[in-house]
Amino acid sequence: MVLLVVVSLTVASWRRGRALVDAWRECRHIAAGGDLAVVDDPTPAAYAVLGLPGRVVVSSGMLKLLDGPERRALLAHERAHLRHRHHLFSLVLHLTAVVNPLLRPLERRCWLRRCAPPTV
């Protein structure tokens, strides 16, 4: 049983780590002014990518939808994810759900809450 838990945690950690490295590699080539990168995409999107330095990526579609104060709030929100290392909390929740399948609905709910498109 212990071996199964160790193998599950190792596989889950490897997959999550690879996903984070892949996201970082994709975003490191985006021209950025400081910690902000704007991608030319009409789809509204904004997210924080961890790394050294961490980076906030925002689409042009999102910027068109927001006025000045809303943009400041969005950037502050995404920078808070980086500053408070929210990716570590996400990783702990994911690994806990790997070990205890009863927590998988909680992990899914947290993931959907983060990734759900905004309602207007």
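Criteria and cut-off values
The written sequence of each chain sets the order in which its residues are numbered from 1. Reporting of local features is limited, given that this is a predicted model, to residues whose pLDDT is at least 70; pairs of side-chain atoms are given and counted only at 80 or more, and all residues count toward the totals for whole chains, interfaces and linings. Excluded from the side-chain calculation are hydrogens and water; included are all heavy atoms of the structure. To qualify as a helix, a DSSP run of H or I must reach at least 4 residues; to qualify as a strand, a run of E must reach at least 2; elements of each kind are numbered from the N terminus. A 1.4 Å probe rolled over the protein chains alone gives each residue an accessible area, and that area as a share of the maximum for its type sets the label: buried under 20%, exposed over 50%, partly exposed in between. Throughout, a contact is declared for two residues whenever any of their heavy atoms are within 4.5 Å. Each accessible area value is a Shrake-Rupley result obtained with a 1.4 Å probe; residue values ignore everything except the protein chains displayed when judging cover. Each residue gets a pLDDT score, which is the predictor's confidence in that residue and runs from 0 to 100. Take a side-chain nitrogen of Lys or Arg and a carboxyl oxygen of Asp or Glu: if they are within 4 Å of each other, that pair is a salt bridge.

## Looking at the overall build of the protein chain
Part 1 of the reasoning: Counting its regular elements, the protein chain contains 5 helices and 4 strands.
Part 2 of the reasoning: Listing the helices and strands of the protein chain from first to last along the sequence gives α-β-β-β-β-α-α-α-α.
Part 3 of the reasoning: When each of the 120 residues of the protein chain is scored for burial, the buried share is 21%.
Part 4 of the reasoning: Counting contacts in the protein chain only where the partners sit at least 6 residues apart, residues at least 24 apart contribute 37% of the total.
Part 5 of the reasoning: In the form shown here, the protein chain has an accessible surface area of approximately 8,800 Å², with 65% of it arising from carbon and sulfur atoms.

## Concerning the environment of Gly54
Part 1 of the reasoning: Mapping Gly54 onto the fold places it in the loop between strand 3 (46–49) and strand 4 (55–59).
Part 2 of the reasoning: Sequence spacing of Gly54 and Leu36 is 18 residues, and the spatial spacing of their C-alpha atoms is 9.1 Å.
Part 3 of the reasoning: Every residue in contact with Gly54, bar those within four places of it in the chain, is listed here: Asp35, Val49 and Leu82.

## With respect to the confidence of the model for the protein chain
Part 1 of the reasoning: Overall, the prediction assigns the protein chain a mean pLDDT of 77, with 79% of residues at 70 or greater.
Part 2 of the reasoning: Here strand 1 (residues 32–33) stands out as the least confident element of the protein chain, with mean pLDDT 60; helix 2 (residues 60–65) is the most confident, with 94.
Part 3 of the reasoning: Across residues 116–120, confidence stays below pLDDT 50; counting only partners more than four residues off in sequence or on other chains, it has 0 contacts.

## A look at the pattern of salt bridges
Part 1 of the reasoning: Counted according to the given criterion, the structure contains 1 salt bridge.
Part 2 of the reasoning: Where Arg79 meets Asp35, a salt bridge forms, and the shortest distance between an N and an O atom there is 2.8 Å. Of this pair, Arg79 sits in helix 3 (residues 68–83) while Asp35 sits in the loop between strand 1 and strand 2 (36–39), and the two are 44 residues apart along the sequence.
Part 3 of the reasoning: For Arg79, a relative accessible area of 29% corresponds to the partly exposed category.
Part 4 of the reasoning: By relative accessible area, Asp35 is classed as partly exposed at 23%.

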